[in-house]
Every structure is written in C-alpha cells, then in structure tokens.
Amino acid sequence: MMPPGLRCFLAVAQAGSMREAALRLRLAQSAISRRIQQLEEELGVQLLERGARGVALTPAGEILLHHGREATQLTERLRADLDALRGVRRGHVVVRLVESFAASGLSAALASFRAAYPAVTLDIAVVGSEAILAALRDRTCHLGIAFNPSADPEVEVLASAAEPLAVMVAPGHALAGAEKLTLAELAGLPVVAPSYLGSSRALFDTACRAARAPIRPVLETNSPHVAAAFIADGRGVAVMVPRVLALHAALGRVKAIPLVDPLLNGGRIALLARRGRRLPAAAEAMSASLARVLEQQAG
C-alpha cells in the first residue's frame, strides 16, 4: 500500500546506509537507489546526501521522514482495522525492552499473547532504556519496557512495577546467610556492577555516593551470564536487578539478598508507548499481555 520509493527511503533513513536497507528489504542496492531517485524526481527535491560513509538526510529528507513515519502508522492502522472487520487476527508488533524483563517476565507475556494471536509476527530486541525512549519517539517500535526511564513528554507510562537492585551471591558465599545488606558491607569485596549501557548503573553509582560507600567494581557487564560466571566460585558478589539472574537463581546457582538502601529499592520497570499514538490492534493486545505481567509482579 505504501509507494515503493517511500518504503525504500524510510528503510535507508532508518538504517543509515543503502547496504543495510538492501539487506532489510531483500532488494538490490541499485534497485533501492533507483526508486529513491525516482521519488526525488517526483517531489522535485533532493532527499539524501550520498557519501563514502553512507547517506545523510537533507532538510527535505527530514520533512519526508516525519510524514513518512506518520504514513506508516496510518497504513498499519488501516490494515489492522480491515483485518478486524474480516475477523482476522494478524499484524506485526515491534517491542524493545531491557535485559531484566527479557530474562523474567517476557515468557509469560508471550505465552498468553501467542495463544490468542498466533498469526501475529513479532520483532523483539534487548536494548538500553535510553535507546527504548528514542525508538518510541521515532516510532520505530510500538512498545518499550525500560528500567527507571527518564521523564519524556513524548512517552507515556502504561504500567509499572517495583524493580529493586539486590546483592547476588553464590550459595556458598560468606554473605549468603544474611537477610539484608548495606552498600557499606560490600566495600572491599570483589563487586560486579551493571555496565554503563544500562540505567541501573547510574542508580548504583548515585546510591554509592549517597551512602559514602567506596565501592570500585572489579567487573562491569551487561551480560547476566558473565555476572553469574564471575560470582559462581563464591568469592565475588554482584549488585543488579535480581530478575536478570532469574534463570541462574532457579537453578540454585545464585541467590538474592535485599539491600537496605532507599535509592536502590526505588527502581521501577515500566511499560511505555509513544504519547498520542494509536496502536494497531495487535500492538494493543501485546500491551495488555505485558501490562498484566507487570501488574502481577507489582502485586
């Protein structure tokens, strides 16, 4: 339903290169370039500046990108409404979420959603909270689940749940029997902290400064498997969201000990959407499944 030239232009604008757009659309680069040139001729403006390092949008290209995204929204809504009229439950939903929810929570949401909408295709990727906000603003995803997202006038919170950080230790660690811990008690220990790719690291650093706890992590990682491997021998500890290590906890490899710290206990995980955007029916259904999981966890 969308003109081929506009579809190619939007793919190039999002990918930042003809080559990447060609891979995504499964077209030859020459075909994409030709269609965009035809679009430029029809509109009477240059849309892209082509260079050795890729392409950049011209001012006219920026305007078309904005309207093209709106056209994409209208197209997907039209398809969804027509499918609903025919009683067909299909579509495509794009979700961006943080690692913690992917590790624990996503499977339950997918199970209920897939049972009701088996024909809907999904694009789900794990990224940082700031990247999630950017994707929602740019309309390149329908829904996002972020940790402690910063306030954004273009993004609204649909549901949320508490997401405290805790000390993760191996069952044989000297601290494994503690009911609660303070940051000060971790000073001098080999500590694993979240990497700066995630917003939980900013919370951890702020809490350490507020508690005047001189903790210098010996390892920073955004991988739950790396963190679990590091603390498995019982010598190190990790400070992170417990659900990140949910699989390892279920297998008895690690356990969570709550932290006595108001900042680290104040973290939240939130389901987000672009404010004012009318979601397709399939995305609304996915939103409901994700919200139910968060509400259950909040309770």
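This one's a predicted model, so the numbers in the text were calculated from it and none came from an experiment.

Each value, and the rule that gives it
- Residues numbered from 1 in each chain as written.
- Predicted model: local features only at pLDDT ≥ 70, side-chain atom pairs only at ≥ 80, totals over all residues.
- Heavy atoms only, no water.
- Helix = DSSP H or I, 4+ residues; strand = E, 2+ residues; numbered from the N terminus.
- Buried < 20%, exposed > 50% of the residue type's maximum accessible area, 1.4 Å probe, protein only.
- Contact = heavy atoms within 4.5 Å.
- Areas by Shrake-Rupley, 256 points an atom, 1.4 Å probe, with all protein chains shown as cover.
- Salt bridge = Lys/Arg side-chain N within 4 Å of Asp/Glu carboxyl O.
- Axes fitted to C-alpha atoms, helices over the stretch in contact; angles between N-to-C directions.
- Parallel < 35°, antiparallel > 145°, perpendicular 65-115°, else oblique.
- Left-handed = near helix turned anticlockwise from the far one by under 90°.
- Nonpolar A, V, L, I, M, F, W, Y, C, P; charged D, E, K, R; others polar.
- Pairing = 2+ DSSP bridges.
- Arc of directions from axis to C-beta.

Enquirer: Which residues make up the overall build of the protein chain, and what values go with them?
Expert: For the protein chain, the count of helices and strands is 11 helices and 12 strands. Overall, the C-alpha framework of the protein chain stretches about 70 × 50 × 35 Å when taken along its three principal axes. By residue count, 45% of the 299 residues in the protein chain fall in the buried class. Within the protein chain, residue pairs in contact and separated by at least 24 positions form 76% of the contacts whose partners lie at least 6 positions apart. When the accessible area of the protein chain is evaluated, it comes to approximately 15100 Å², of which 54% is carbon and sulfur surface.

Enquirer: Tell me about the pattern of salt bridges, and name the residues and values.
Expert: Counting across every chain of the model gives 9 salt bridges. In this structure, the salt-bridge partner of Arg201 is Glu220, at a minimum N-O distance of 3.2 Å. You can see Arg201 sitting in helix H8 (residues 199-211) and its partner Glu220 sitting in strand S9 (residues 219-221), a full 19 residues away along the chain. Given the relative accessible area of 3%, Arg201 is considered buried. One network of salt bridges, in which partners are shared, links Arg201, Asp205 and Glu220.

Enquirer: Please provide a residue-by-residue account of the packing of helix H1 (residues 4-15) against helix H2 (residues 18-25), values included.
Expert: Orientation of H1 relative to H2, taken along the N-to-C sense of each, is 120 degrees, at an axis distance of 8 Å. Taken together, H1 and H2 sit at an angle that is classed as oblique. Considering the relative orientation of H1 and H2, their crossing is right-handed. The segment H1 lies against H2, with Arg7, Cys8, Ala11, Val12, Gln14 and Ala15 engaging Met18, Glu20, Ala21, Arg24 and Leu25. Here the contact of H1 with H2 is composed, by residue class, of 7 nonpolar, 1 polar and 3 charged.

Enquirer: Would you mind going over the sheet that holds strand S5 (residues 143-147) in detail, with residue names and values included?
Expert: Strand order in the open sheet made by the 5 strands is S4-S3-S5-S12-S6, with mixed pairing throughout. The strands lining the two open edges of the sheet, one partner per strand, are strand S4 (119-126) and strand S6 (155-162). Strand-to-strand twist in this sheet, taken as the mean axis angle between neighbours without regard to direction, amounts to 20 degrees. One ladder, built from 8 bridges, connects strand S3 (residues 90-97) with S4; its direction is parallel. Of the residues in S4, the one forming a bridge with Val95 is Ile124. Helix H6 (residues 106-116) rests against S3 and S4 of the sheet, and its axis sits at about 165 degrees to S4. Along the sheet, helix H7 (residues 129-137) makes contact with S3, S5, S6 and strand S12 (268-274), crossing S5 at roughly 155 degrees.

Enquirer: Could you give an account of helix H9 (residues 224-231), naming the residues involved and the relevant values?
Expert: In an α-helix there are 3.6 residues to a turn, and that puts residues three or four apart on one side. When H9 is considered as a whole, its buried residues turn out to be Pro224, Ala227, Ala228 and Ile231. An end-on view of H9 places all buried positions within 95 degrees of arc, on one side of the element. Those residues of H9 hidden inside the fold are in contact with helix H5 (99-103), strand S7 (166-169), strand S8 (191-194), S9, strand S10 (237-240) and helix H10 (246-250).

Enquirer: Give me the lowdown on the pairing of S7, citing residues and values where you can.
Expert: In this sheet, S10 lies alongside S7 in antiparallel orientation, the contact comprising 3 bridges. Considered in S10, the bridge of Ala166 is made with Met240. For S7 and strand S11 (residues 255-258), the ladder comprises 4 bridges, and the chain directions are antiparallel. The residue bridging Met168 from the neighbouring strand is Ala256, located in S11.

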